[in-house]
Amino acid sequence: MKKLDGFMHGVNLGGWLSQCVHTKEHYDSFIKEADIERIAAWGLDHVRVPIDYELVETEDGTPIEAGYQYIETCIAWCKKHGLNMILDLHKTAGYVFDNQEDSKGFFDRPELLERFTKLWITMAKRFVKDKDILVLELLNEIVDPDVSEQWNRLIAKTVDAIRAIDSDVRIMYGGVCYNSVTNVKLLEPPKDDNIIFTFHCYEPLIFTHQGASWTEGMPLDYRTVYPAPAQRYVEDTRKYLKQMMVDNFGDTVSADTEYSKDLFLALFKEAADTAERYQVPLYCGEYGVIDRAELESTLRWYRDIHDAFECYGIGRAAWSYKKMDFGLLDEHYAEVRDEIIKLL
C-alpha cells in the first residue's frame, strides 16, 4: 500500500480554530509558534489543523481575511520548523458532526452543497501555493450511514472544482459513520493519483470515550480497562451506545477474543485492501484515549494501535495536542507522555 510520506506521525491541533469560542483572544492564545516548535521537537512530521467555517466566513458567506491569516501563519510556522500540515474542514455551513439535529438535510440542500464547494475553491486558490507541505481534507466525519452516495457525489464535484485550480494538490476524504474504517470501502474509486483515503479510530469507543459527557448514552461514571475481552466491549457498547458504534467493530470480534494488536489489524484490513486496490494512501486522522482512562491501559492501547499502523504503513495524527479531554500536553498524561510520544 502507498505511504503518505511526510504524514506518518502527527498530532491534531483540536480546539484552536475549531470546536472553540471563535474570538481573536482565543485564536491568539491557544496555539503559538512555540507549540509548533515543541511538536517538531517531539519528532513528529505533521499537524492536522481542524477549522470551522466561522473562522473564514461570515454567516452570509463573506470571506473573513483575519481568519485566513491564522491558517497562513500556521503554514509559515510549519515551514519554519519542518512540519507538514493537513487543513481539515471540521465544520461547514449547515453541517457539523457533533450536532446531527441541526445538520439534517444538509445533503438535500443545493445551496449548502454549493457553498461548501465554493469555500473549497476559495481555500484552494489561496493555499495551493503551499501544496508541498499541505493536504486538503474535505470534511470531518460524515455521520449518517444513509448518505454515502450523496457524499460521494459531493466529493466528486468538489474534487473537480479543486482540480480546475490545481492538478495535483493532495486531497483527503473519508467515509460515513463518523469516518469509520469499516466504511472506507464505500468510497468511489479516486479520479487521480493525489487522493488520500482517511478514517478515524477510537475503537473500542466504550474504552476510549469512557465517561465522556458528549457521547450519547455514556454513563459519566463508566470505567473500563484495556485490554479486555472484545465481547465485553461489544456488550457494553450495545448496552449504552448507538447501534452504529457496535457496527463499527465490523466482523472482527468474537466471543473469546481479547482486544489486541491482532484485532486492530483485522479491523484495518478491509480498508487497507481497498486502498491497495485503488493505489491510494490510507491515513488515520484521529485516534486517542480520553483523560478518564487509567494510564497503563492508555499506554497498552497506544502500543497496540501503533503496531497495527506500522504493519500496514498507515500515517496518522493523534487527538489531540492540548485540552479537548484528550490533550497530550495536559497534566493527566504527564507520567506517560514521553512513552506515548514514542508511539505516535
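Everything here concerns the structure above.
Every value quoted in this text rests on a predicted model; they were computed, and no experiment measured them. (Residues numbered from 1 in each chain as written. Predicted model: local features only at pLDDT ≥ 70, side-chain atom pairs only at ≥ 80, totals over all residues. Heavy atoms only, no water.)

1. Brief notes about the overall build of the protein chain
- Helices and strands together make up the secondary structure of the protein chain, namely 14 helices and nine strands.
- Expected size for 344 residues packed as a compact globule is a radius of gyration near 20 Å; at 19 Å, the protein chain falls within 12% of this value.
- Dimensions of the protein chain, computed from the C-alpha atoms along their principal axes, are close to 55 × 45 × 35 Å.
- Out of the 344 residues in the protein chain, the part that is buried amounts to 59%.
- Put simply, of all contacts in the protein chain between residues at least 6 apart along the chain, 75% involve residues at least 24 apart.
- Summed over all atoms, the accessible surface of the protein chain reaches about 13800 Å², with 48% contributed by carbon and sulfur.
- Taken as two groups, the 39 positive and 60 negative side-chain charges of the protein chain have centres that lie 3 Å from each other. (Helix = DSSP H or I, 4+ residues; strand = E, 2+ residues; numbered from the N terminus. Rg over C-alpha atoms; globule rule 2.2 N^0.38 Å. Buried < 20%, exposed > 50% of the residue type's maximum accessible area, 1.4 Å probe, protein only. Contact = heavy atoms within 4.5 Å. Areas by Shrake-Rupley, 256 points an atom, 1.4 Å probe, with all protein chains shown as cover. Lys, Arg positive; Asp, Glu negative; His and termini not counted. Charge placed at Lys NZ, Arg CZ, Asp CG, Glu CD.)

2. Some details on the pairing of strand β5 (residues 134–137)
- Of the two faces of β5, both are covered, the one formed by L134 and L136 as well as the one formed by V135 and E137.
- Both strand β3 (residues 84–92) and β5 contribute to a ladder of four bridges, which runs parallel. Paired with I86 across the strands is V135, a residue of β5.
- One ladder, built from three bridges, connects β5 with strand β6 (residues 170–174); its direction is parallel. (Pairing = 2+ DSSP bridges.)

3. What about the side chain of D304?
- Along the chain, D304 turns up in helix α13 (residues 295–312).
- For D304, the contacting residues outside a window of four places in its chain are Y226, Y259, S260, K261 and F264.

4. Here's the deal with helix α7 (residues 148–163)
- Taking 1.5 Å per residue as the helical rise, α7 with its 16 residues ought to reach 22 Å, and the 22 Å between its terminal C-alpha atoms agrees with that figure.
- Along α7, the residues classified as buried are S148, Q150, W151, N152, L154, I155, T158, V159, A161, I162 and R163. (Expected span 1.5 Å × (residues − 1).)

5. Thoughts on the pairing of β3
- For β3, the buried fraction is high: eight of the nine residues fall into the buried class.
- Where strand β2 (residues 46–52) meets β3, seven bridges bridge the pair, whose relative direction is parallel. Bridge pairing links R48 to I86 in β3.
- With two bridges connecting them, β3 and strand β4 (residues 95–96) associate as antiparallel partners. Opposite K91, over in β4, you have V96 as the bridge partner.
- What sits between the antiparallel neighbours β3 and β4 is a turn of two residues, in which G94 has the positive phi angle 90 degrees.

6. Structural notes on helix α2 (residues 33–41)
- Looking at α2, one finds that the buried residues are D35, I36 and I39. For α2, the buried positions fall inside an angular range of 100 degrees around the axis, keeping them on one side.
- Against β1 (10–12), α1 (24–30), β2 and α4 (65–81) lie the buried residues of α2. (Arc of directions from axis to C-beta.)

7. What to know about the packing of aromatic side chains
- Counted by the stated rule, this structure contains 25 aromatic pairs.
- Between Y202 and F326 the ring centres are 5.9 Å apart and the planes differ by 65 degrees, which places this aromatic pair in the edge-to-face class. Taken together, the positions of Y202 in the loop between β7 (195–200) and α9 (205–208) and F326 in the loop between β9 (315–318) and α14 (337–343) put the pair 124 residues apart, joining distant regions of the chain. A single burial state applies to Y202 and to F326, both of which are buried.
- Of the aromatic side chains, those joined through ring pairs into one cluster are F199, F207, Y226, Y233, Y259, F264, F268, Y287, W301, Y302 and F309.
- One residue, R277, lies across the ring of Y278, its end atom 5.2 Å from the ring centre.
- Here K322 stacks its cationic end above the ring of F30, 4.6 Å away from the centre of that ring. (Phe/Tyr/Trp six-rings, centres within 6.5 Å; stacked < 30°, edge-to-face > 60°. Lys NZ or Arg CZ within 6 Å of the ring centre and 35° of its normal.)

8. Here we look at the pattern of salt bridges
- According to the stated counting rule, one finds 27 salt bridges in the structure shown.
- Between E72 and K129 there is a salt bridge whose closest N-O contact spans 3.3 Å. Here K129 lies in the loop between α6 (110–127) and β5 and E72 lies in helix α4, a separation of 57 residues in the sequence.
- Notably, a salt bridge pairs E114 with K157, separated by 2.7 Å at the nearest N-O pair. Of the two residues, E114 is situated in helix α6 and K157 in helix α7; the sequence distance between them amounts to 43 residues.
- Exposure remark for K157: the relative accessible area of 37% places this residue in the partly exposed category. (Salt bridge = Lys/Arg side-chain N within 4 Å of Asp/Glu carboxyl O.)

9. So, unusual backbone geometry
- In this structure, the amide linkage connecting E203 to the following residue, P204, adopts the cis form with an omega of -10 degrees.
- Within the secondary structure, P204 is located in the loop between β7 and α9.
- The omega torsion across W319 and S320 is 5 degrees, close enough to zero to call that bond cis.
- Inspection of the secondary structure puts S320 in the loop between β9 and α14.

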